[in-house]
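Architecture and fold: a report
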4 protein chains.
Amino acid sequence: MTIKREIQASVKDEQLVEKRRNQMIRGAVSLFKEKGFHRTTTREIARAAGFSIGTLYEYIRTKEDVLFLVCDSIYEQVRNRLSSMDLERGTLESLRLGIDHYFRIIDEMQDEVLVMYQEAKVLSNEALPYVLKKELEMVGMFEKLIRRCVENGELDISNEHQQLLAHNIFVQGQMWGFRRWALQKTCSIDDYICLQTDLLFSGIQGFKKQMEVGG
Amino acid sequence: MTIKREIQASVKDEQLVEKRRNQMIRGAVSLFKEKGFHRTTTREIARAAGFSIGTLYEYIRTKEDVLFLVCDSIYEQVRNRLSSMDLERGTLESLRLGIDHYFRIIDEMQDEVLVMYQEAKVLSNEALPYVLKKELEMVGMFEKLIRRCVENGELDISNEHQQLLAHNIFVQGQMWGFRRWALQKTCSIDDYICLQTDLLFSGIQGFKKQMEVGG
Amino acid sequence: MTIKREIQASVKDEQLVEKRRNQMIRGAVSLFKEKGFHRTTTREIARAAGFSIGTLYEYIRTKEDVLFLVCDSIYEQVRNRLSSMDLERGTLESLRLGIDHYFRIIDEMQDEVLVMYQEAKVLSNEALPYVLKKELEMVGMFEKLIRRCVENGELDISNEHQQLLAHNIFVQGQMWGFRRWALQKTCSIDDYICLQTDLLFSGIQGFKKQMEVGG
Amino acid sequence: MTIKREIQASVKDEQLVEKRRNQMIRGAVSLFKEKGFHRTTTREIARAAGFSIGTLYEYIRTKEDVLFLVCDSIYEQVRNRLSSMDLERGTLESLRLGIDHYFRIIDEMQDEVLVMYQEAKVLSNEALPYVLKKELEMVGMFEKLIRRCVENGELDISNEHQQLLAHNIFVQGQMWGFRRWALQKTCSIDDYICLQTDLLFSGIQGFKKQMEVGG
DNA sequence: AATGAATGAGTGTTCATTCAT
DNA sequence: GATGAATGAACACTCATTCAT
């Protein structure tokens, strides 16, 4: 169950709040993508959402609320889509599939992830921990995936290695988005998944060894 | 050879320009660290640099110039410190040492790297490519380090793997800074270097294999 | 006969209008008391009155109407309570009693009087004269009280003195409210009535004279 | 010596600050007079002062600062002009002259006094006490004037009567301004001074008595 | 070369009022 | 007759930039 950090709205009809906020988020993401949070005005957000500035403020209290809503929504989407992963099987294949799945989600949500990635830090001291918490939850999913492999005897790495590995996977996903200017020039998402999986599973010495074995 | 992107100054005396800009950068970094680029005012930068707002504008043309100067200076520092790496030896040990060296630099320059990392994106379309270019140069250093290993027969991985590996190393360095809220709670820089090196060199199956061998 | 300044309502049922407006006034007085007219929003008034903002506007046309209603209501209350005074007897004792009565009313309605006193001026050029007229009516009551004394031979002061005296009494009543920060620290309403009556009746030389007589 | 409540300015040249603030006060008084503090915008104040909105905010920090400056300046003016009063002589004549002097000052500064009188209450909890303190200082001047008369044997009234009398005089001065709509229709300032002095000195029974004596 | 007072476009936010349901 | 979502003009305040001294 998710801890809800409520953003206050003046409007009472909860369905309407949901609907209007979704309009708002959609508009805001594309604006933040284009010019960043700080260079986007609330008026622009309202216009992009399809309503007036007055109406915008019926559904939030401060501009930062919009950013929070955006971040929250993106995490929620990623997590929802990630939830179809099988965390329990505990085979290397399921880990490989999990990574594949996650990287493809990021690929499809590149813009959103980039926005969140670049702007989340401007969230206030009140809101930021909540967002970071969500991030840790997602990292936790990879940790679980890995731990089950260890428990299954498919993998033998220390607890610390497991944790860092989970972080690496998580960051390598985001990296596909935030370093697209470098990576996506020479590389498709399929390539990327393939290459990263190689490195992840075999390490650089793995190649050497295989070579030696093969040679 | 480095492409110089000149920031125009009204003042002619180049030594003075250099000196004033260094004051400016020092002040700006600590301000950006504290409150980010957008929440820092030019007046604050001037004050932190030790001169008046009018003088500030004798050495730059826009606020963004300050950010550029800051990013440029940070990259330059990282690169300078990195330049003591031996890129040519082409042994796994030299690669390991290179990573160790780089990660420790990042650790010491955490604040600066974080600033640059978080704010660089607001640079205009004119300045950003220049900064990204510098980043690629640094990635290139790791690529070279790796390529020499391959040429030396110490490693046998494809060109694509080499490139991605270089990116991974570069990002894992930055990651130590920008994910400090998660990583640095349980882990020293020594631990981090050790763990990342393990994963990098052996991959996760490496561990398994060793186990099998050992078992 | 009272001149009625009609505030337009959309609702036809006059009893309902009366009822709703009373709710509104009660809510508004306590809000104006707390934060003044300008810092009180129509939404707050509606909420304090127990109905919606839409309903509020069924019974008034502008926010200023609320202020008018409030002022009107307060004057009406003061006047009603004042109406038990005996204006006709024409003795110094009845004047003394009238003052006593009036000062005690003000004391009990301090908050309301303060509100009206401080906010009435923001009424538009259309509504203000109406309110001032009511005030003059009340001053007129004291004038009558005094005049009857003169007619009775109990007092011998000129017409101008009578008028100014009436104003003084009226203002000294309000003064108990609007200077409470100074007066009510060291003085009860009983004290205040007593002291003011002394000054009013004897003047400052009166004391001297009595002393001389007594000495 | 006056306790200074400093309003922060960005501009350092103190003479310039003084000059600009005087421009500001002059403009603000006439605007507040016309439409009250709340209906006056900061842009209007800036324009009336003869500079831009940006410049206005170089000399104050909030709109309320303007009101404080206005109130402070008015009190200071009244007090300065009042300072020529001889507080020490302790004769009834000097008291009479003091009142005459004070009432004439109020008459000349009617607009200013009215503004301060009507708007001072919106000052924040921080600034209001400071203004009230100044008011009490002025009341204190009348108290002193009266006390010296008592000490001189010219008057024999209790401490409490002295205090209230001082308040009455102070309020009757202001009253000439804030009730001008009623008083100034039938009465010049000379008349007003004369009538109020009569009532003050003789009380209403004084008239009667004189009559009896005279009769 | 250095200063800092002046500028005003631009920002986030509020709130009286309307009107479709 | 009652509701409350929608509106947008209006507001206080900020800050990058300029330029006369």
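Residues numbered from 1 in each chain as written. Chains lettered and ligands numbered in written order. Predicted model: local features only at pLDDT ≥ 70, side-chain atom pairs only at ≥ 80, totals over all residues. Heavy atoms only, no water.

Going by an unreviewed UniProt entry, chain A carries the name TetR/AcrR family transcriptional regulator and comes from Bacillus norwichensis.

Description of the overall build of chain A
This is how it is decided: Under the DSSP-based scheme used, a helix requires at least four consecutive residues in state H or I and a strand at least two consecutive residues in state E, with every element numbered from the N terminus. Working definition: with a 1.4 Å probe on protein chains only, accessible area under 20% of the residue-type maximum means buried, over 50% means exposed, and in between means partly exposed. Whether two residues are in contact is decided by their heavy atoms, any of which lying within 4.5 Å being enough. Each accessible area is a Shrake-Rupley estimate made with a 1.4 Å probe; only the visible protein chains count as cover when residues are assessed.
Each helix and strand counted, chain A has 10 helices and zero strands in total. Secondary structure elements of chain A, listed N to C terminal, follow the sequence α-α-α-α-α-α-α-α-α-α. Structurally, chain A occupies a C-alpha span of about 70 × 40 × 25 Å along its principal axes. The buried share among the 215 residues of chain A stands at 51%. For chain A, long-range pairs separated by at least 24 residues make up 72% of all intrachain contacts whose partners lie at least 6 apart in sequence. Entry remark: accessible area of chain A is about 10100 Å², with carbon and sulfur atoms responsible for 48%.

Points about the interface of chain C and chain D
Condition: Once two parts are put together, the accessible area they lose, assessed with a 1.4 Å probe and summed over both, is termed the buried area. The working definition used for a salt bridge is a side-chain nitrogen of Lys or Arg within 4 Å of a carboxyl oxygen of Asp or Glu. What qualifies as a polar contact is a pair of N or O atoms within 3.5 Å, subject to a donor-acceptor requirement within protein and to the restriction that residues adjacent in sequence count only when both atoms come from side chains. Only Asp, Glu, Lys and Arg are considered charged in this grouping, and only Ala, Val, Leu, Ile, Met, Phe, Trp, Tyr, Cys and Pro are considered nonpolar; every other residue, Gly among them, is considered polar.
Taken together, the contact between chain C and chain D spans 54 residues of the former and 53 residues of the latter. Buried area between chain C and chain D, summed over both chains or domains, comes out near 4600 Å², and the portion from carbon and sulfur atoms is 64%. The tally of links between chain C and chain D comes to two salt bridges. In this structure, R179 of chain C and E135 of chain D form a salt bridge, with 2.3 Å as the shortest nitrogen-oxygen distance. At the boundary of chain C with chain D, the tally comes to 10 residue pairs in polar contact (both at pLDDT 80 or more). Only α1 (14-39), α5 (92-108), α6 (110-119), α7 (128-151), α8 (159-178), α9 (180-183) and α10 (189-214) of chain C provide two or more residues apiece to the side of chain C that touches chain D. It is α10 of chain C that contributes the most residues to the side of chain C that touches chain D, 17 residues altogether. Taken together, the residues of the side of chain C that touches chain D break down into 26 nonpolar, 16 polar and 12 charged.

A word on the relation of the copies chain A and chain B
As a reminder of what qualifies: Least squares is used to superpose the copies, and the fit set is the C-alpha atoms of residues whose pLDDT is at least 70 in both copies.
By a simple turn and slide, chain A fits onto chain B: the slide is 0.1 Å along the axis, the RMSD is 0.3 Å, and the turn is 179°. Such values leave the two copies arranged in the relation of a two-fold axis. For chain A, the minimum C-alpha distance to the rotation axis belongs to G203 of chain A and amounts to 1.7 Å. The overlap is high: 100% of the interface residues of chain A also sit at the interface in chain B, so the same surface is used on both sides.

A short note on the protein's contact with DNA strand F
To keep things clear, this is the line we draw: Only heavy atoms are used to decide nearness, and a residue is near a molecule or strand if one of them lies within 4 Å of it.
The environment of DNA strand F is made up of 41 residues, and the closest members are R20, R43, G54 and Y59 of chain A together with Y59 of chain C. Sugar plus phosphate: this is where 65% of the atoms of DNA strand F within 4 Å of the protein reside. Here a phosphate oxygen of DNA strand F sits 3.4 Å away from a polar atom, N or O, in the main chain of S52 of chain A. Y57 of chain B is positioned such that a nitrogen or oxygen atom in its side chain is 2.8 Å from a phosphate oxygen of DNA strand F. Where the surface near DNA strand F is concerned, the elements lending two or more residues are α1 (14-39) and α3 (53-59) of chain A, α2 (42-49) and α3 (53-59) of chain B, α1 and α3 (53-59) of chain C together with α2 (42-49) and α3 (53-59) of chain D. Broken down by element, the residue count for the surface near DNA strand F peaks at five residues, all from α3 of chain A. Taken together, the residues that form the surface near DNA strand F break down as 14 nonpolar, 16 polar and 11 charged.

Remarks on the interface of chain A and chain B
Taken residue by residue, the interface counts 53 residues in chain A and 54 residues in chain B. At the boundary of chain A and chain B, one finds two salt bridges. Applying the counting criterion to the chain A and chain B interface returns 10 residue pairs in polar contact (both at pLDDT 80 or more). Broken down by element, the residue count for the side of chain A that touches chain B peaks at 17 residues, all from helix α10 (residues 189-214) of chain A. Residue classes in the side of chain A that touches chain B are distributed as 26 nonpolar, 16 polar and 11 charged.

Structural notes on the protein's contact with DNA strand E
The environment of DNA strand E is made up of 40 residues, and the closest members are Y57 of chain A, V11 of chain B together with R20, R43 and Y59 of chain D. Backbone atoms, meaning sugar and phosphate, make up 64% of the atoms of DNA strand E lying within 4 Å of the protein. One of the side-chain N or O atoms of R20 of chain D is found 2.5 Å from a phosphate oxygen in DNA strand E. Elements with a minimum of two residues in the surface near DNA strand E: α2 (42-49) and α3 of chain A, α1 (14-39) and α3 of chain B, α2 (42-49) and α3 of chain C together with α1 (14-39) and α3 of chain D. Looking at which element gives the most residues to the surface near DNA strand E, the answer is α3 of chain D, with five residues. When the residues that make up the surface near DNA strand E are grouped by side-chain class, the tally is 14 nonpolar, 15 polar and 11 charged.

Regarding the relation of the copies chain C and chain D
When chain C is brought onto chain D, the operation consists of a screw motion whose angular component is 179° and whose axial shift is 0.1 Å, with 0.3 Å RMSD remaining. A share of 98% of the interface residues of chain C reappears at the interface of chain D, consistent with the copies meeting face to face through the same patch.

So, the environment of L114 of chain D
All names here are of chain D. Within the fold, L114 resides in helix α6 (residues 110-119). On the basis of relative accessible area, L114 is assigned to the buried category, the value being 17%. On a C-alpha basis, the gap between L114 and M175 in space is 9.2 Å, while along the polypeptide they are 61 residues apart. The residues touching L114, leaving out its near neighbours within four places in the chain, are G177, F178 and R180.

With respect to the arrangement of the chains
Separated without contact, chain B and chain C have their nearest C-alpha atoms at a distance of 30 Å. At the C-alpha level, the nearest point of chain A lies 21 Å from chain D, with no contact between them.

Focus: the UniProt feature "DNA-binding region" (unreviewed entry) in chain A
Quick reminder of the rule: UniProt positions are given in the numbering used here, feature names are shortened, and annotations may be inferred rather than shown by experiment.
According to UniProt, the "DNA-binding region" (unreviewed entry) feature falls on residues 41-60 of chain A. Annotation note: span residues 41-60 of chain A, helix share 75%, strand share 0%, distance between end C-alpha atoms 14 Å.

Some remarks on the packing of helix α6 (residues 110-119) of chain A against helix α8 (residues 159-178) of chain A
Residues and elements named next belong to chain A. Note the threshold: As a rule, the C-alpha atoms of each element are fitted with a line to give its axis, helices using only the stretch in contact, and angles between N-to-C directions run from 0 to 180 degrees. Roughly parallel means an angle under 35 degrees; roughly antiparallel, over 145; roughly perpendicular, 65 to 115; everything else is oblique.
Contact geometry of α6 with α8 gives a least axis separation of 9 Å together with a crossing angle of 100°. Taken together, the axis directions place α6 and α8 in an arrangement best described as roughly perpendicular. Residue-level contacts link Q110, V113, L114, M116 and Y117 of α6 to Q174, W176, G177 and F178 of α8. Along the lines of polarity and charge, the residues of the contact of α6 with α8 split into six nonpolar, three polar and no charged.

A few points about the environment of R39 of chain D
Tracing the backbone through its elements, the reader meets R39 of chain D in helix α1. For R39 of chain D, a relative accessible area of 42% gives the class partly exposed. Within polar-contact distance, the side chain of R39 of chain D engages the backbone oxygen of V122 of chain C at 3.4 Å.

Here we look at the UniProt feature "domain: HTH tetR-type" (unreviewed entry) in chain A
The UniProt feature table records "domain: HTH tetR-type" (unreviewed entry) at residues 18-78 of chain A. The distance separating the terminal C-alpha atoms of residues 18-78 of chain A is 18 Å; by composition the span is 87% helix and 0% strand.

Comments concerning helix α6 (residues 110-119) of chain B
Buried residues dominate α6 of chain B, accounting for seven of its 10 residues. For α6 of chain B, every residue scored as buried is listed here: Q110, V113, L114, V115, M116, Y117 and E119 of chain B.

Considerations on the packing of helix α4 (residues 63-82) of chain D against helix α5 (residues 92-108) of chain D
Residues and elements named next belong to chain D. To be explicit about the condition: The sense of a crossing depends on the near helix, which, turned anticlockwise from the far helix by less than a right angle, makes the crossing left-handed and, turned clockwise, makes it right-handed.
Two elements in contact, α4 and α5, have axes separated by 10 Å at closest approach and are oriented at 145°. Of the two elements, α4 crosses α5, and the hand of that crossing is right-handed. Here α4 contributes V78, R81 and L82 to the contact with α5, which in turn contributes H101, Y102, I105 and E108. Here the residues of the contact of α4 with α5 sort into four nonpolar, one polar and two charged.

Observations regarding a negative patch on the surface
Let me state the cut-off plainly: Each patch groups residues whose relative accessible area exceeds 30% and which form no salt bridge, using 9 Å between like charges and 5 Å between nonpolar side chains of Val, Leu, Ile, Met, Phe, Trp and Tyr. The charge count includes Lys and Arg as positive and Asp and Glu as negative, but it does not include His or the ends of the chains. Every charge is mapped onto a representative atom, which is NZ of Lys, CZ of Arg, CG of Asp or CD of Glu.
A surface patch of like charges, here negative, comprises E6, D13, E14 and E18 of chain A. By relative accessible area, E14 of chain A is classed as exposed at 69%.

As for α1 of chain B
Residues and elements named next belong to chain B. Note the following rule: A helix is expected to span 1.5 Å multiplied by its residue count minus one. To get the bend at any residue, fit one axis to the seven residues that end at it and another to the seven that begin at it, then take the angle between the two axes.
Between its first and last C-alpha atoms α1 spans 30 Å; for 26 residues at 1.5 Å apiece the expected length is 38 Å, and the helix comes up short by more than 12%. Along its length, α1 shows its largest kink, about 95°, at K33. Within α1 the residues assigned to the buried category are V17, R21, M24, I25, G27, A28, V29, L31, F32, G36 and F37. The secondary structure elements touched by the buried residues of α1 are α2, α3, α4 (63-82) and α6. N-cap assignment for α1: the residue whose side-chain oxygen lies 3.0 Å from the backbone N of Q15 is D13.

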